[in-house]
Structures are given as C-alpha cells and as structure tokens.
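# Geometric and topological summary
In case you want the letters, here they are:
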Amino acid sequence: MNESTIKRYIARLLNLKRGEEGVDEIWNTLESIGWNDIINIAQEHNVITFLFYKLKHLELEEKLKPEVHRVMSLKYQEGVARNVITRHVLKDIILSLNRCNIKAIILKGAINFCENIYENWNLRSMEDLDILIKEEDFPAARKCMQSAGLHYIKGRIPRDLSEDFESRNIAIDMHYLPVPEKHIHLFDMESFWSNTMCVKMDGLKIHIPSPTDQIYHKFIHDVIRHQELVDFQIQNLCDFVMISRYYKEKVDWKEILCRVRRNDIESLFKFHCWQIKKNFGTELPQAINNLSDDITKNYEKWHSQLSECPEWLESASERLMAILIKEGNVLAHLKNSFNILVKESALNESGELLLAVYHVKECKILLPFIRTIHLFRILSLHILIIAYLTKRRLSTHK
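Here is a short report on the structure shown in this document. Model, not experiment: these values are computed from the prediction.

### Section: the nonpolar core
Within the largest apolar cluster, 129 residues are counted, with the highest numbers of intra-cluster contacts made by M72, L129 and F269. Examining the composition of this core, we find that nine residues originate from one element, helix 5 (residues 66-99), more than from any other. With near-sequence residues (within four places) excluded, L129 lies in contact with T86, V89, L90, I93, A110, F113, I170, A171, I172 and D173. With five residues, the next largest nonpolar core counts L354, L355, L367 and I370 among its residues.

### Some points on the pattern of salt bridges
Evaluated as defined, the whole model comprises 16 salt bridges. Between D239 and R124 there is a salt bridge, and its shortest N-O distance comes to 2.6 Å. Taken together, the residues D239 in helix 9 (residues 234-247) and R124 in the loop between strand 1 (104-107) and strand 2 (128-133) connect sequence positions 115 residues apart. Both residues of the pair, D239 and R124, count as buried. The salt bridge partner of D213 is R259, with a shortest N-O separation of 2.7 Å. With D213 in helix 8 (residues 211-225) and R259 in helix 10 (residues 253-262), this residue pair connects regions lying 46 residues apart in the sequence. For the pair formed by D213 and R259, the shared burial category is buried. Each member of the salt-bridge network shares a partner with another, and the members are R124, K218, D222 and D239.

### Section: the packing of aromatic side chains
For the structure shown, the criterion picks out 17 aromatic pairs. Consider the rings of Y299 and W302, whose centres lie 6.4 Å apart with planes at 55 degrees: the pair is tilted. Placement of the pair is Y299 and W302 together in helix 13 (residues 296-306), with a separation of three residues, close to one helical turn. Y299 sits in the buried class, given a relative accessible area of 1%.

The rules we used
- Residues numbered from 1 in each chain as written.
- Predicted model: local features only at pLDDT ≥ 70, side-chain atom pairs only at ≥ 80, totals over all residues.
- Heavy atoms only, no water.
- Core = buried A, V, L, I, M, F, W, Y, C linked by side-chain atoms within 4.5 Å.
- Buried < 20%, exposed > 50% of the residue type's maximum accessible area, 1.4 Å probe, protein only.
- Helix = DSSP H or I, 4+ residues; strand = E, 2+ residues; numbered from the N terminus.
- Contact = heavy atoms within 4.5 Å.
- Salt bridge = Lys/Arg side-chain N within 4 Å of Asp/Glu carboxyl O.
- Phe/Tyr/Trp six-rings, centres within 6.5 Å; stacked < 30°, edge-to-face > 60°.

So this is what it looks like as structure tokens:
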C-alpha cells in the first residue's frame, strides 16, 4: 500500500466519531498496514497526538499490541508536554505585548490555545508559534519578545517577512505579513486586521483572524505557498475540517468563493475541497460541498499518476498538478502555465531565498544569473516529469 493511501486511512480514522459505521473496517485496514508505518507517517504529519486520542475515544486503544501502545502512549505524552510548554511561552509573549499595547494576531495552530477547535488544546501539535505584528510595531515588539525571555535568533526580512525567536526549545516566528510578499496580493490586509476577533487565553486578551480569514489563510498558506496538491499534509487538511465544523455558519463561504474567483485561484480551491472529501470521507459545508463533482474523475486520474512520481520530481509534480487542474480555454492554460513555471517560480521568487538556495548569500550581484539558472531548472524538471509520465503511460499500454 502506497503512502498516499496510508495517509487517507489515517485521515479517515481522525474523522470518525464514536458509534459511527466504518470503525471496524478502518481499524482492520490499519492493522493490515502495520503500525510502524502508521506511527512514522502520523509523526511526520504532526497528528500522532491526535491519532492516539482518537484511538482512545473510539475505544480501540485496548486492541493495540503492548509495544505499539507503549510507543504511541509515549508520543502522546511528549506531544501534550510540548503543547503545555508552548502555551506557557505564548502566555509570556501575550503578557509582554499587552503591557506595551501592541496588537498581535495569533496565526495557525496556536489559535487552538484560545478556541477549542480540536476539542482540547492539547491535541493539535505544532512546530512553532506564528505571531503577526504590524510592520511599524516591529522594533517595539522585538524588545517585548526579548523582555519575555525569548532569545533573538535572526531576522529573515524580506525572505519570509519575519524574525525568529526561541524559548524553551520552542521556535517563534514574528511576521508582519501572513504569507510571503509574492502572495500578499491575495489578501486585503486592512480587512484582515479590522476583522480580527478578540479572545482570551487564561484571562489574557489576544486577537485571532476571523473564522473566514482562518480558512482562507490556511488555504493560501498550504496550497498556494507550499503547493500541497499531490503530497498533502494530513494535519493541514484536518485543520480545514475542524475549523469549518467549529465555527459552522460563522464562516462566510460566499466571501471565500468571491476571493478565490477574484484572484483566479478557484481551480486550486476546488481541488483542495476534493482532497479533503476524498481523504477524510466527509461532507463539506453546503456552499462548497459540490464544487468539484463535475471534474472528480480527472482529479482522480491526475493525482494517481503524479503521486507515483519519484521524490526528485516531487516539486515538479506539484506544479504540473496546478497546471492540469486549471479550467478554461487553451489561452487560459498557456497563461496559467507561464504564471506557475516562470512568473511565480522564478521571476517573483524572493531574491534572498534564491541566493540562500544556491549558497551565494554574499553575492547579490549574481542574482539575475541565479534567477535565470533557477528558471532553467524549473523548466527542465517540467520537461522531465512530462517525459516520465509519457514513458509510464506507454509502458502500461504494451
């Protein structure tokens, strides 16, 4: 069984509720896969804590073999302990920022410390803390972070428009844009700030994005920025499901559809919805549930072919999927191909990032040359993946 299928069964288990049909079927499938592979994949996708909780919730914990139970129980305890530390670090940060009257927005996973999106704030694992600060507040916020006991590591401006801190082995990223600059045209930052909700964590006031902006930001961050079309991350799809269920009618799906259409990224959003329905086996809110029904067969075919590509062609497979799922006439496809292969991947890519990737950080004069090399690399990989898929198709017809 390939990794994509194993990920789907893990996602299906995470989506189950006690007493639902299909629990025994999914359990038997996971048993046949082997728990070493399941644990490794769940840990890689940051859902091992949630997975063990679900096994307990579904009364499947006692079925685990002693060694598997010992390993998973240990991973669960480690995940909970790390979240406890992360929560304390965030509390110190909020205290310090509030004393200076600096408005901050918590992004992504840390929102679960303020809202019970995952039923319990211990269940959603996170690698770091992401905090959004207005650009003009950065100097004062930097001092606040340091006075809260955080160690200043470095700034990464303009690459990710963030500065990095660390405390108690927890990484903290302080941003002044929610995504890298090349994607910021997809946001209305004025409304993003004005629509925030003021919530409390242990009695401390902090801001989080509106439910609509949480969904939209997750989509842009995961699908547009990180291009998770073929090799999806279980936790990111799970976030989408849990956020939409928690806020229900508070999410303005019409506004989200308006944004993706206005920004010409509706095809990517449709595919994202298909990925969630396929892997979690769940119905989405009515406004977006049937978005991709008319092209599901194409999605299945393309995903099946591209998910089998070798690892060295992984980035090319993500770009090719973004090209294939685009709807419209030939001209629209050509324009989309140019935008993905040339404009987004090379011309609009951060100069600092390119210099870092090619290990020439101190030679900015070489940037035009590096950008040209990067473009040829992207185009070469695109040609290679087309050749790879053509060869596979021909071999299957023999």
